[in-house]
Amino acid sequence: METMEELAKAYDPGQYEADIYKRWEDSGFFAPEAHLPWVDNLSEAERRPFTIMLPLPNANAPLHVGHALGLTIQDILTRYHRMRGRRALWLPGTDHAGFETQVVFEKKLEKEGTSRFKMTREEFYKACWDFVQHNKHLSENGIRRLGASCDWSRNIFSLDPEIVKVVYATFKQMYADGLIYRAGRICNWCPKHQTGLADLETKYEERQEQFYYFKYGPFVIGTSRPETKFGDKYVVMHPDDKRYTRYKHGDKLNLEWINGSITATVIKDEAADMEFGTGVMTITPAHSAVDFEIAERHKLDVEQVIDKRGKMLPMTGEFSGMKILDARVKIVEKLQGKGLVDHIDDKYKHNVQLCYKCGNLIEPQIVPQWYIAMTKQLPDGRPSLRDMAVQALDKKEVEIVTEKFEKTYRHWMENIRDWPISRQIWWGIPLPVWYCQRMQNDECRMKNGVIVDVENTLTVCPHCDSTEIIHDPDTFDTWFSSGQWPYATLMANDAKHGTKDFETYFPTQVMETGWDIIFFWVARMVMMSYYRTSKPPFEKIFLHGLVRDKDRQKMSKSKGNVIDPLGVIDTYGTDALRFALVFSTAAGNDIPLAEDKVKGMKHFANKLWNIARFVLTNLEVSKLQISSSKSIETKTEADKTIILELQQTIEGVTSGLEAFRLHEAAQTIYDFVWHKLADVYLEASKTQLVDEAFADNTKKILLHNLIMSLKLLHPFMPFVTEAIWSEMYGKEKEKLLMIQKWPI
RNA sequence: GGGCCCGUAGCUCAGCUGGUUAGAGCGUUCGCUUGACAUGCGAAAGGUCAGCCGUUCAAGUCGGCUCGGGCCCACCA
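So, a few notes on the structure that sits alongside this text. Counting restarts for each chain, with residues numbered from 1 along the sequence as it is written. Chain labels run from A onward and ligand labels from 1 onward, assigned in the order the entries are written. Only residues with pLDDT of at least 70 are given local features in this predicted model, and only at 80 or more are side-chain atom pairs given and counted; all residues enter the totals for whole chains, interfaces and linings. As a convention, hydrogens and water are excluded, and side-chain values are obtained from all of the structure's heavy atoms.

Remarks on the overall build of chain A
Step number 1: What chain A contains, in helices and strands, is 21 helices and 27 strands.
Step number 2: Across its three principal axes, chain A shows a C-alpha extent of roughly 115 × 60 × 50 Å.
Step number 3: Residue burial is assigned from relative accessible area. The probe radius is 1.4 Å, only protein chains are included, and a residue is buried under 20% of its type maximum, exposed over 50%, and partly exposed in between. Per-residue burial over chain A gives 57% buried out of 744 residues.
Step number 4: Should any heavy atoms of two residues lie within 4.5 Å, those residues are counted as being in contact. Put simply, 76% of the contacts in chain A that link residues at least 6 apart link residues at least 24 apart. The way it works is that DSSP assigns letters per residue, a run of H or I at least four long becomes a helix, a run of E at least two long becomes a strand, and they are numbered from the N terminus.

Description of helix H3 (residues 98-111)
Step number 1: Here the expected span of a helix is defined as 1.5 Å times the quantity of residues minus one. Over its 14 residues, H3 runs 20 Å from end to end, which matches the ideal 20 Å to within 8%, given 1.5 Å per residue.
Step number 2: Where the residues of H3 are buried, they touch helix H4 (121-145), strand S7 (195-197), strand S14 (341-355) and helix H11 (478-482).

Topic: the packing of helix H8 (residues 385-394) against helix H14 (residues 518-533)
Step number 1: Packing of H8 against H14 brings their axes to within 8 Å, and their N-to-C directions diverge by 105°. Taken as axis vectors, H8 and H14 run roughly perpendicular relative to one another. Along its contact with H8, which presents Leu385, Arg386, Met388, Ala389 and Ala392, the element H14 presents Val526, Met527, Tyr530 and Tyr531.
Step number 2: Class assignment for the residues of the contact of H8 with H14 results in eight nonpolar, no polar and one charged. Lines fitted to the C-alpha atoms define the axes, with helices restricted to the stretch that makes contact. Angles between their N-to-C directions range from 0 to 180 degrees. Under this scheme an angle from 65 to 115 degrees is roughly perpendicular, one under 35 degrees roughly parallel, and one over 145 degrees roughly antiparallel; angles in between are oblique. Each residue is assigned to one class: nonpolar for Ala, Val, Leu, Ile, Met, Phe, Trp, Tyr, Cys and Pro, charged for Asp, Glu, Lys and Arg, and polar for all the others, Gly among them.

Focus: the sheet that holds S14
Step number 1: Pairing in this open sheet of three strands is antiparallel, and the strands run S9-S8-S14 from one edge to the other. Pairing within the sheet leaves two strands with one partner each, and these edge strands are strand S9 (219-223) and S14. Within this sheet the neighbouring strands show an average axis-to-axis angle of 20°, counted without direction.
Step number 2: Where strand S8 (residues 202-216) meets S9, five bridges bridge the pair, whose relative direction is antiparallel. For Tyr216, the partnering residue across the bridge sits in S9 and is Phe219. A strand pair is defined by DSSP finding two or more bridges across the two strands.

So yeah, pure geometry; function would need other evidence.
As structure tokens, this is what we get:
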């Protein structure tokens, strides 16, 4: 290609993008150890690593536009720091996303007329594995199409054996430290998915339901759940409630109840709200979190009434086997027959707890789960996981760039509860736990028969040699493994390749992700990392907002307003999408994405293309090397102005990037290229170029500005800038714009 | 119940540590098929920066209150 004259008048992204990405990837420069031609005279400090972990996308669905935003921001930062000479590592990976994936996959099975309960665990796992592998490739291709300059040689999957090994080691250590324990307390049970869930994995919805007042001996009790009342042999009231002073804690009363007469015991507990209902309640510890806590305080009997599938148990007599809602109606009828219904309130509004995935009612159940203690001091004297995570902010070892989220983070930490990490699902990392059934000696008994075996290949109990051992069927909460991502990935890669990545690239510099997973993921990474490595997982947390549609609506499949990023790329090009995403919204705010905005940015890419055409058609090819700004003179007002503005732009874009103010950086370079360089200087140059006194110098200034613009714009719009650069300097890999030096 | 955020041009949003005539994109109006680009160029209209009070030489920017909108966490038998 001798000149730009042969090029089309318009930039056609589709014609260049795939080829350019391949050249980048083949060049090897995505890897941080690749040697950039110009970095030898940089100091070690200038060359220090810059590491970002890709927030591992779930391997169960294609990329959505939220991913596109995150990928864009991370790529901008990575490319910028690479051009600064730092060893930039952006490490890609994918999450098996246990529960999420299992739900998606089970839906698929349902459509195919089957279910996991008709398969063996092994069959299910294999089928899910294949499903995930397929999706994993789709998202990896999507990541490439977005231009992400991540190091694919380090690509990793959360179920890779090396990751699992790190996860197990953490579990073992936490168990030994007494931070992980197993407890048979009440948990959020989803009857559809047949698993316990963390509080974070449930949501609330306001419903108007009937609220029943029943005669319970001398009392009237209120309940919204008559079906749980079978086991209710305790009647609870506040110790200060004047209405009931004649009843003492521990009093026994005989009274008529659903299935005949029972003996009830009076319990005085401050959990009873004197303002609510009659101030008296009966409790069902097996099916209510609050009741369970009361029962624990007073060491009360706990009896299960409803099974895990939401059906009444035999202890309910004639109601046995009925579904909850059917039983509710029948029980009320029966109590009415016995004259025990005082009255019914039809307008009772309350919040019900739902599974965040399927929206079914959570039915609290007592199921043994494994927990991590959040507020327990470490045996080596270090503070609790929670306190370490808060101190990280106090000591500014970790900074949340978007300040408002620091408050959210702290507030959550203040109220944190122990984290249940076991799930009764099949798709995930199995717990490395066995239970000895015989318990022949003291060590066995002391440990309640629990054996932690990270090899997961146990056949006999190591303490008593019994062969009667069973493997815990549970798997880990996904966040237990992804919460270890920053160090687990580096450690796992070291194990795979014999490298020293953990030593070199940890702690990482930036964690860039959506604010919606600050508790699920970000907070946990901080805690786990301090625990395992005594270091923060990252220095900065950059939280982006939700991408919404042009009317600020949340995107959802049911609304039909989901924007497919790859579809947008097909129409407008990757650069246009990327620039539109970062252009006009500050960090942490939600981003409305209108098609017009993307279209406008496509126009901008084209503008740049045509600026290049103009500049290059006015230059001889041999002059392309005169990029040194030293030989430039400022002979006219226009010259002076553009050189000054260029300098201001370099400073503005650089400081914007350093301060994570990407939208300002983007606006600065946009404004310069379009409104300073093109609108003003190019127009002025048209007269200068025909005046011999100015012509040569004007060409130099034009070229210099073009080169600088391409560099400054490259992190934001990598494809069109690289396409122009290739036309100027050819396609050798050392000539890639991607690895040129950032202007200062 | 606890906490957080927002209210700037018709629409969507920028405006960092308070400092000259408050900005961008899209839209609107008028004029331009000029050899880089009509995916373009030039020009124009359009804002009492929700309201009130305060701090200050100076406030969209800081503080208080009011009105309006959104979000998060917890959760009631």
